[in-house]
Amino acid sequence: MEAHDKNVAGNAPERTAPCPCGSGKSYGECCAPCLEDGAWPDEPEALMRVRYTAYACGRYDFLVASTLPEARLPELTAEKLAESTEGVEWLRLHVAGAGPKERMEGRDCETVDYWAFYRYGESVMQMGERAGFARGEDGRLYYVSGVELRHAPFQREAPKVGRNDPCPCGSGKKYKKCCGKGKA
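Residues numbered from 1 in each chain as written. Predicted model: local features only at pLDDT ≥ 70, side-chain atom pairs only at ≥ 80, totals over all residues. Heavy atoms only, no water.

1. Here's the deal with the overall build of the chain
Helix and strand counts for the chain come out as five helices and five strands. Helices (α) and strands (β) of the chain occur, in sequence order from the N terminus, as α-α-α-α-α-β-β-β-β-β. Computed over its C-alpha atoms, the radius of gyration of the chain comes to 23 Å, more than 25% above the 16 Å expected for a compact globule of 184 residues. With respect to the principal axes defined by its C-alpha atoms, the chain has extents near 75 × 45 × 30 Å. When each of the 184 residues of the chain is scored for burial, the buried share is 36%. Pairs at least 24 apart in sequence give 41% of the contacts found in the chain among residues at least 6 apart. (Helix = DSSP H or I, 4+ residues; strand = E, 2+ residues; numbered from the N terminus. Rg over C-alpha atoms; globule rule 2.2 N^0.38 Å. Buried < 20%, exposed > 50% of the residue type's maximum accessible area, 1.4 Å probe, protein only. Contact = heavy atoms within 4.5 Å.)

So, in structure tokens, the structure goes:
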């Protein structure tokens, strides 16, 4: 089995291996205590990292358990999550940081913005989310909901100058004969 097949097959990495969440810690120091030993993260970013690792390791039971019970959709099951991520290889996580506090599902939530990168078939893709976290009645922190993040499209600071447009320097020449001379 190739190393990346571990993510697809649902096996956890060795405890001494780097944690899939990209924290820089070993799996044993980072996410394993929550996924294997029953510990529970107390900070939004930590819970978000453990949830990413749960996806990467196929621990869909943790994903269900770490979703706020009142916010769980009836169709949220470990089996459905496994089906929906079949063939996905999780590549890396980029945590952009804490976002603003927001109201999600009728609750005040702390948020974390992140980007997850994955391979599906031959394509490498990314998804971004502002994930909301709140405390349940038991005092534990839970995932409540998320809002999709999209990268802002690239915008030029100045209008694009075509080769046959008048040169913006004001010479009266075409751009290609003036300031654009020699540019491909």
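2. Some remarks on a positive patch on the surface
A contiguous patch of positive charge, built from Arg163, Lys173, Lys174, Lys177 and Lys181, is present on the exposed surface. Residue placement: Lys181 occurs in the segment after strand 5 (141–149). (Patch = residues over 30% accessible without salt bridge, like charges linked within 9 Å, V, L, I, M, F, W, Y side chains within 5 Å. Areas by Shrake-Rupley, 256 points an atom, 1.4 Å probe, with all protein chains shown as cover. Salt bridge = Lys/Arg side-chain N within 4 Å of Asp/Glu carboxyl O. Lys, Arg positive; Asp, Glu negative; His and termini not counted. Charge placed at Lys NZ, Arg CZ, Asp CG, Glu CD.)

3. Some remarks on the nonpolar core
Counting residues in hydrophobic clusters, the biggest one holds 31 residues, and the most contacted among them are Cys31, Leu93 and Phe133. When contributions to this core are tallied by element, the ones reaching two or more residues are helix 2 (32–36), helix 3 (44–57), helix 4 (60–65), strand 1 (88–98), strand 3 (107–120), strand 4 (123–135) and strand 5. Once residues within four sequence positions are removed from consideration, Phe133 is found in contact with Pro44, Leu47, Met48, Arg51, Asp108, Cys109, Glu110, Val112, Leu141, Tyr142, Tyr143 and Val144. Of all hydrophobic cores here, the second largest spans seven residues; its members include Leu68, Cys109, Ala134 and Tyr142. (Core = buried A, V, L, I, M, F, W, Y, C linked by side-chain atoms within 4.5 Å.)

4. Points about the pattern of salt bridges
Using the criterion set out here, one finds eleven salt bridges in the structure. Put simply, Arg15 and Asp37 hold a salt bridge, and the shortest N to O gap is 2.9 Å. Of the two residues, Arg15 is situated in the loop between helix 1 (5–9) and helix 2 and Asp37 in the loop between helix 2 and helix 3; the sequence distance between them amounts to 22 residues. For Asp113, the salt bridge is made with Arg130, and the minimal N-O distance between the two is 2.7 Å.

5. Quick notes on the pairing of strand 5
Relative to strand 5, strand 4 is paired through eight bridges, and the arrangement is antiparallel. Within strand 5, the position partnered with Ala134 by the bridge is Tyr142. Hairpin remark: strand 4 followed by strand 5, antiparallel, with five residues in the connecting loop; positive phi at Gly139, about 90°. (Pairing = 2+ DSSP bridges.)

6. Some remarks on the packing of aromatic side chains
Per the stated rule, a full pass over the model turns up seven aromatic pairs. Judged by centre distance (5.5 Å) and plane angle (45°), the ring pair of Trp40 and Phe62 falls under tilted. Taken together, the residues Trp40 in the loop between helix 2 and helix 3 and Phe62 in helix 4 connect sequence positions 22 residues apart. Trp40 sits in the partly exposed class, given a relative accessible area of 22%. Within the aromatic cluster, the residues linked to one another by ring pairs are Tyr52, Tyr55, Tyr60, Trp90 and Tyr118. (Phe/Tyr/Trp six-rings, centres within 6.5 Å; stacked < 30°, edge-to-face > 60°.)

7. A short note on the environment of Thr111
Topologically, Thr111 is positioned in strand 3. For Thr111, a relative accessible area of 2% translates into the label buried. Apart from residues lying up to four places away in sequence, Thr111 is in contact with Ala98, Gly99, Pro100, Glu102, Met104, Arg130, Ala131 and Gly132.

8. Description of unusual backbone geometry
Unusually for a residue other than glycine, Glu105 sits at a positive phi of about 50°. Turning to its location among the elements, Glu105 is positioned in the loop between strand 2 (102–104) and strand 3.

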